[in-house]
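Tertiary structure, described
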Amino acid sequence: MSDADRGSSQIPAKVGTVLVTGGSRGIGKAIALRLAREGAARVAIGYLRSDSAAEATAAELQALGSEAVLVRGNVSSKRVIEQVTALGPLTALVHNAASGVARPALETDIRHWDWTLNANARAFLQLAAATAPQMAPGASIVAISSLGSSRVLENYTLVGTSKAALEALVRYLAVELAPRGIRVNAVSGGLVETGALEHFPNREEMLRMARERTPAGRMVTPEDIAGTVAFLLSPAAEMIRGQTIIVDGGFSLPA
């Protein structure tokens, strides 16, 4: 496969292991496949429920020449954190797994809060704490966020709050891990049409608005997010630290 076919990011994963949480489908799958195409020797994907989806993604990763490792379970659980630690030193950690309750603020309760914040923010901190001590200089951590971290979106109270916490952690970890030679950043995507939208009662309205008001003329795809992640993992992004890169085709720009 030529360099043109593989892409031009040249991530330093060619001899290492990368972990993509929520990597069996949607955006996470696109990221995992992109990193395999970039030459990652071993790609571990975390997933929660669907063995069939994870096994199908693993087969695609293997076809691209990467060893595939499946990590099943709640990403914030002690058991999964132990499995991640057992992977050994990571070249890259991409925290894409996300969950949450899609309801107006006054229709949520403490259980919804705990579930959403744990899955989206606490898990990221736990994963970083488990993997960073084993990472070599040049390794990178990327978290996947969303526009709801800074904008008010309907039914997005808890998820948006958890993503805001996620982005704050990115900034703090970027400073704390810089002396170790580890970069930490986030990618915030615009609306991407994946299975995750099925949980929103206003799904069709969200899609219509995204198509109509995106200056780029199309919606963001999982591959758009994956390309930005690959860039942040590459040596070209050496001096990007603690930043949230917005990939939304300009959706968030108009008043």
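So, here's what we can say about the structure. (Residues numbered from 1 in each chain as written. Predicted model: local features only at pLDDT ≥ 70, side-chain atom pairs only at ≥ 80, totals over all residues. Heavy atoms only, no water.)

Points about the overall build of the chain
Of the regular secondary structure elements, the chain holds 8 helices and 7 strands. Taken over 255 residues, the chain has a buried fraction of 51%. Residue pairs at least 24 apart in sequence account for 75% of intrachain contacts in the chain once pairs closer than 6 positions are excluded. Surface summary for the chain: the accessible area is close to 11,800 Å², and the carbon and sulfur share equals 55%. (Helix = DSSP H or I, 4+ residues; strand = E, 2+ residues; numbered from the N terminus. Buried < 20%, exposed > 50% of the residue type's maximum accessible area, 1.4 Å probe, protein only. Contact = heavy atoms within 4.5 Å. Areas by Shrake-Rupley, 256 points an atom, 1.4 Å probe, with all protein chains shown as cover.)

Here we look at the packing of aromatic side chains
In the structure shown here, the tally under the stated rule is 0 aromatic pairs. Here arginine 213 stacks its cationic end above the ring of phenylalanine 251, 4.6 Å away from the centre of that ring. (Phe/Tyr/Trp six-rings, centres within 6.5 Å; stacked < 30°, edge-to-face > 60°. Lys NZ or Arg CZ within 6 Å of the ring centre and 35° of its normal.)

Considering the sheet that holds strand E7 (residues 244–247)
Pairing within the open sheet is parallel, and its 7 strands lie in the order E3-E2-E1-E4-E5-E6-E7. Sheet topology places strand E3 (67–72) and E7 at the edges, where each strand pairs with a single neighbour. Strand-to-strand twist across the sheet, computed as the mean angle between neighbouring axes with direction ignored, equals 20 degrees. Where strand E4 (residues 92–95) and strand E5 (residues 140–146) come together, 4 bridges link them in parallel fashion. Considered in E5, the bridge of leucine 93 is made with isoleucine 141. Packing of helix H4 (residues 78–85) onto the sheet brings it into contact with strand E1 (17–21) and E3, and relative to E3 it is tilted by some 160 degrees. The strands touched by helix H8 (residues 222–233) within the sheet are E4, E5, strand E6 (183–189) and E7, with E6 carrying the most contacts at an inclination of about 165 degrees. (Pairing = 2+ DSSP bridges. Axes fitted to C-alpha atoms, helices over the stretch in contact; angles between N-to-C directions.)

Structural notes on the side chain of lysine 163
As for its position among the elements, lysine 163 is in helix H6 (residues 157–177). Of the buried charged residues, lysine 163 lacks a salt bridge, with glutamate 167 as the closest side chain of opposite charge at 8.2 Å. Of note is the side chain of lysine 163, whose polar atom sits 2.9 Å from the backbone oxygen of isoleucine 144. In this structure, lysine 163 is in contact with Ala98, Ile144, Ser145, Ser146 and Ser149, ignoring residues within four places of it in sequence. (Lys, Arg positive; Asp, Glu negative; His and termini not counted. Salt bridge = Lys/Arg side-chain N within 4 Å of Asp/Glu carboxyl O. Polar contact = N/O pair within 3.5 Å; in protein donor to acceptor, adjacent residues only side chain to side chain.)

Notes on helix H5 (residues 110–131)
With 22 residues, H5 should reach 32 Å at 1.5 Å per residue; the first-to-last C-alpha distance of 29 Å fits that figure. The largest bend in H5 is about 50 degrees, located at asparagine 118. Looking at H5, one finds that the buried residues are His112, Thr116, Leu117, Ala119, Asn120, Ala121, Ala123, Phe124, Leu127, Ala128, Ala130 and Thr131. On its buried face, H5 sits against E1, H4, E4, E5, H6 and E6. (Expected span 1.5 Å × (residues − 1). Bend = angle between axes of the 7 residues up to and from the residue.)

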